[in-house]
Structure formats: C-alpha cells, structure tokens
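Descriptive analysis of the structure
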Amino acid sequence: MRKNILFCVMLLGAVTALAQKNDDHNFKVAKNLDVFNAIYKNLDLMYVDTLDADEVIGNGIKAMLRSLDPYTEYYPEDKSAEFKQMLTGKYAGIGSIISYNFTLKRVVINEPYENMPAAEVGLKKGDIILSIDGEDMTDKTNAYVSEHLRGTAGTTLELKIHRPTTGKDMTFKIQRKAIQMPDLPYYGMQDGDIGYIDLDSYIGENCAKDFRRAFIDLKKQGAKGLVLDLRNNGGGSVQEALSILNIFIPKNTDLLSMKGKMQRSNRDYKTTVEPIDTVMPIVVLVNGITASASEITSGALQDLDRAVIMGTRTYGKGLVQVPNVQLPYNGNLKLTTAKYFTPSGRCIQAINYKHSQGGYTEHVPDSLTREFRTRNGRIVHDGGGIEPDIKIEPDSLPNIAYYLQRVDTTDLMFNYVVDYIKAHPTIAPAAEFEISDSDYEQFKQRVIASSFTYDRVSEKCLEELVKLAKFEGYYEDAKPEFEALEKKLSHNIAKDLDFDYNKRMIKQILSSDIVTAYYFQRGAIENALRYDKQMKEAIRLLRSPEEYAAILKPKNEGK
C-alpha cells in the first residue's frame, strides 16, 4: 500500500514538473511575441524613416530561421513560383543552360537539354542570343536573359540567335514547357554483363517507376551485377527512395524510421511488395554530395548488407522536412519536423545546429559517434553521413583544368568546343569518343597564344613556407633548397609542361564537353565512365564474388 502511495506521489510530482515546464515555455513564447510586436509598433510610429513592413519583418523572420537548420525555409506569396519549383523540381522555359561569354560579351546557349524545347527546335551550343520577343539582349546579364526565357508553360516566345558555326542569324518560335531534368539520365550495360544506373535525384514523381523499368531492362540484357551511381544525388522524395529499395529487399523488412516532437511525425517504414531481385550483387557509388533520400537508399542497403558502398563519405543529412506548411496570406513554410534512422537504428545527421548561443553549427566529432551493427554484424557509425565500405577518392581536378573550365574568367574551352563542332558535323559514339592528340595540340597552342595564366596552389604554399622560414630564422640555411623547389614549381605554360603533365585530365574534360553537344547529358555520362576509376573498381569487385562476400561479413569472420 505504501509503495502504491509513494508511486502516485512520484507520478504526481513528475506531472507537476512537466506542467510547470510547459507553463514556463508558453510564458516565454507569449512574452517574446509581445516584445517583438511592441518593438515594431514603436519603430513604425517613431522611426525617422518610413519602414517597409515586408522588408523589416521579413528580415526578422529570416534571422529567426537562420538560428535553426538550413532546411527550414519561409516562402512568402511573391516567392510562390520558387516554392513550386523547389517542391516539384520543375520550371517553365525552353530547357537549356545559358552562360555569359566574356569574349563576346553576350549571353549564349551553353547546353540544351534532350527532349526539351531548345533542343527540339534545333538550338545549339554556342548560339548567341540576339533578342527575345523583339527586345535586344545586347549588354544584358545572364539573369536578365534567363528571366525572359522563362514564363508560363504553353506560352510562346520568339528567339533570335546568331550561329557562329554557320555565320547565320536565325529566328525560332519556341513554346515554353515545364522543365524537369530527368532523375535517371542514363543506364546501360558496362563491360558485357554489369548493369549501370545513374540516378541524379528523387524529385520526379516517376523516379521509382523509371528505375524499376531500367533495372528490369538490364536484367533482360543479362546483367550479373549492378552499379548504382548516387554520386552528386542531393535527394528528393523519401517515398521514391523507399520504392527503389523495395526492388532489392524482401517484403516486410524495416527500412526507415522517423522520430520527431509530434506524434504524427513518428513513422516506421517497411517494404510493402515482393522484390524483383534479392541476390544480384550491388555496388553503390557515393560522394560528399550524396544526401538525404540517396543516403536513405545507401544507408539501408548497407545496414541490410544488401550492397557494398564505395566512394567517399556522404553529406550527412538526417533531417526530415514537411515541405508545405500553409501560412496566412498565401505563404508557405518548409519545416524540419523529425530525424530519420536507418534499419540499424543510426541517424546519419553530420551537423548539430545549436540554438543556445544565437545559432551556430558544429560537425559531430568522430569521438562522439556511436557504433551500430548491420544485419550481418558489421560495425557502422552514426553522426557523419554514410561511411563507405570501400573508400576510393576520385581523380582530383588539376588547378589548370579548373581555371580553363571557369566561364567567369575565360571562355577558352567553350570557344574551342564551338569551333570543334563547326569543323565536325558528326563524331564517334559517346562511349568511344576522345579528341585526338593533334586536336589537343591545337587547343594547347590556342591557350598558350592567349596568354592564359592561372594560380598554382603549390606556388602559393611555397610562398607561405618561405615567409614562415624567414620568420623562424632558418631560411638562409635552406635557401638553395627553396630556390631549387621554386624553380621546379614555376609556371610552365609557355614550355607546354603544364599541358603535357595534365594532358589526360584536360582531354577528358574537352571530350566530355564535345560529347554533350552531340549526345546530351546521357552521352556525357557514358563517355565519362571510360575514365572513372571508382566505376572501374566497382566493376572489378562485382567480378570477384569471394571478395564481395567477404566485405559484407564482420571483420573477424571475413578473415
């Protein structure tokens, strides 16, 4: 009897404390809203200048949201088009990347999208935009031209261009349509019996259906293994990710759980239908931009030991948003409501967003991450994205190639590709194409003649090291060594040495740009796979069943 009384007293105390805590919180909310309202009223009444309410209060809202996570965002009524594009990944326009050409001082067509209005009417890379609906586009910015190319789906615009490859001015009537980049731009067979699927995002409503069709087609073609490429995939619909997982994992298997403050935010997800294939070996390629729904996919496949994850650590977004909280006056709020957890129970959120000191972020240190176990008993960790089972760094981009590609400083590469297109009406198939050594030599001499320069990281580091050596007093003793190193690291553009040393990578970039002009994005992907060392390692692993199986066993069992 006494135990029951004691328990009731303790329960009553806990309830009272909880009620007190809620009362304190509600009081603080009411107090601060009253203070905010009073401050603005006084500003509006007495401030020396007339206030723009939308701007001042809007800045207050932005500051409030900035103290939270970056995924909680407010869209007022005048940002409704931007909000809609965020939700659907669609906008209405002609379907082409445009860029400002600094040599011509004009906006040009850079990359028309396949099966979109720009490509369908025949616009080409390098076309110079002269006018839109009769308005001269001379001296207009990239943003200004883009705004005039976009509009309501179904409306028509008149676009006048100059085509450098023929020297002609041309006029096109183009009907705008809803533009959405394909979630699955390319899939195909590699090295005879290895299937490959490039999945760019999970935004499209048919993403999982397209993936399912692609996988079935690859199986019909005789695929014995699959490479699923999620590199640079920033995510999208959680439901599409779950549907894709259902293709490979048995029915009624736990895939994902969500946990938040409100009961309705808490959900558990399982596979709901019979899978297509539960045994085909899979390698999933990931990198630092692999995020959100693509981490749900790779995390579940890793936790369930259904695939080998290869590449570099993923981004680490383990937060879930409700994308459409409706607000007064046609506003909308994208709101973080929960964290998600993979089948092993881990949350892969890599960044903590702190509120107690005005809002700041910190990465979760490795020392604070926790261990979890996959279905087979392998150790995995939370708090830092998905750590790949096999870590392989991609080829790094040499500094000279980075500067050659930059359209904000030089158009050398872009202009060369346009001239190449002019001289070559057709090229080899995408999977086979590569510019010749003579073509590369021509490009190299063109760049040298242009007096092109770039910043070399090694030279900058050496300069800092020399300063430090002088400061600490040992420079004179090591001066001959410093001078010899400086001589070796000096610019070699005029002597062709930089181009010769980085020839392989620069040729790949040029080849990819050229292929895109003929075969669009799918061609560029197919061409790039020829040089992709992560892809080559994935294929090698899929051809080594014993090694593949050993990776999916705990370390003490796989030896």
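See the structure above.
Predicted model, so just to flag it, every value in this text is computed and none were measured. (Residues numbered from 1 in each chain as written. Predicted model: local features only at pLDDT ≥ 70, side-chain atom pairs only at ≥ 80, totals over all residues. Heavy atoms only, no water.)

Another aspect to go through is unusual backbone geometry. One non-glycine residue, aspartate 133, lies in positive phi territory at about 50°. Within the secondary structure, aspartate 133 is located in the loop between strand S5 (128-132) and strand S6 (135-136). Residue classification places aspartate 133 among the partly exposed residues on the basis of a relative accessible area of 48%. A positive phi is found at aspartate 305, a non-glycine position, where the angle reads about 55°. Here aspartate 305 is to be found in the loop between helix H8 (293-303) and strand S16 (308-311). (Helix = DSSP H or I, 4+ residues; strand = E, 2+ residues; numbered from the N terminus. Buried < 20%, exposed > 50% of the residue type's maximum accessible area, 1.4 Å probe, protein only.)

The next thing to look at is a negative patch on the surface. Negative charge collects at one region of the surface, where Asp52, Asp54, Glu55, Glu77 and Asp78 lie side by side. When you line up the elements, aspartate 54 lands in helix H2 (residues 53-66). (Patch = residues over 30% accessible without salt bridge, like charges linked within 9 Å, V, L, I, M, F, W, Y side chains within 5 Å. Areas by Shrake-Rupley, 256 points an atom, 1.4 Å probe, with all protein chains shown as cover. Salt bridge = Lys/Arg side-chain N within 4 Å of Asp/Glu carboxyl O. Lys, Arg positive; Asp, Glu negative; His and termini not counted. Charge placed at Lys NZ, Arg CZ, Asp CG, Glu CD.)

Considering all chains together, one arrives at 10 aromatic pairs under this definition. Centre to centre, the rings of tyrosine 186 and tyrosine 196 are 6.0 Å apart; their planes meet at 40°, and the pair counts as tilted. You can see tyrosine 186 sitting in strand S10 (residues 186-190) and its partner tyrosine 196 sitting in strand S11 (residues 194-198), a full 10 residues away along the chain. Overall, tyrosine 186 belongs to the buried group, its relative accessible area being 10%. In this structure tyrosine 196 comes out as buried when scored by relative accessible area, which is 1%. One aromatic cluster is present, formed by Tyr416, Tyr420, Phe433, Tyr440, Phe443 and Phe499 through successive ring pairs. (Phe/Tyr/Trp six-rings, centres within 6.5 Å; stacked < 30°, edge-to-face > 60°.)

Another point: the environment of alanine 223. Within the element layout of this structure, alanine 223 appears in the loop between helix H6 (207-220) and strand S12 (225-229). Sequence-wise, alanine 223 and glycine 192 are 31 residues apart; in three dimensions their C-alpha atoms are separated by 8.0 Å. Every residue in contact with alanine 223, bar those within four places of it in the chain, is listed here: Met189, Asp193, Gly195, Leu218 and Met280. (Contact = heavy atoms within 4.5 Å.)

So, about H2. Between its first and last C-alpha, H2 extends 19 Å over 14 residues, near the 20 Å set by a 1.5 Å rise per residue. For H2, the side-chain oxygen to backbone nitrogen distance between the N-cap and aspartate 54 is 3.0 Å, and the N-cap itself is aspartate 52. (Expected span 1.5 Å × (residues − 1). Polar contact = N/O pair within 3.5 Å; in protein donor to acceptor, adjacent residues only side chain to side chain.)

Right, let's talk about the nonpolar core for a bit. With 41 residues, the main nonpolar core has Leu199, Phe211, Phe248 and Val284 as its most contacted residues. Those elements that provide at least two residues to this core are H6, S12, helix H7 (238-245), strand S13 (254-260), strand S15 (282-286), H8 and strand S18 (331-341). The biggest single contributor to this core is H6, with 6 residues. Excluding its chain neighbours within four sequence positions, the residues that come into contact with phenylalanine 211 are Leu184, Ile197, Leu199, Leu228, Ile244, Ile247 and Phe248. Counting 27 residues, the second-largest nonpolar core is a separate cluster that includes Ile421, Tyr454, Ile506 and Val515. (Core = buried A, V, L, I, M, F, W, Y, C linked by side-chain atoms within 4.5 Å.)

What follows concerns the packing of helix H10 (residues 412-423) against helix H15 (residues 503-528). The geometry of H10 relative to H15 is characterised by a closest axis approach of 10 Å and an angle of 55° between their N-to-C directions. Comparing the axis directions of H10 and H15 gives the class oblique. The chirality of how H10 crosses H15 is right-handed. Contact residues: Met413, Tyr416, Val417, Tyr420 and Ile421 in H10; Ile506, Ile509, Leu510, Asp513, Ile514, Ala517 and Tyr518 in H15. (Axes fitted to C-alpha atoms, helices over the stretch in contact; angles between N-to-C directions. Parallel < 35°, antiparallel > 145°, perpendicular 65-115°, else oblique. Left-handed = near helix turned anticlockwise from the far one by under 90°.)

Another aspect to go through is the packing of helix H11 (residues 437-449) against H15. It is the contact of H11 with H15, at a shortest axis distance of 11 Å, that shows an interaxial angle of 95°. The pairing of H11 with H15 is recorded here as roughly perpendicular in orientation. Here H11 contributes Asp437, Tyr440 and Phe443 to the contact with H15, which in turn contributes Lys503, Ile506, Lys507 and Leu510. Counted by class, the contact of H11 with H15 contains 4 nonpolar, no polar and 3 charged residues. (Nonpolar A, V, L, I, M, F, W, Y, C, P; charged D, E, K, R; others polar.)

What follows covers the pairing of strand S4 (residues 106-112). The element S4 is extensively covered by neighbouring structure, given that 7 of its 7 residues are classed as buried. Sheet topology note: the strand S3 (residues 96-101)/S4 ladder contains 6 bridges and is antiparallel. Across the sheet, the residue bridging to asparagine 101 is arginine 106, located in S4. Between S3 and the antiparallel strand that follows it, S4, lie 4 residues; lysine 105 among them carries a positive phi value of about 60°. (Pairing = 2+ DSSP bridges.)

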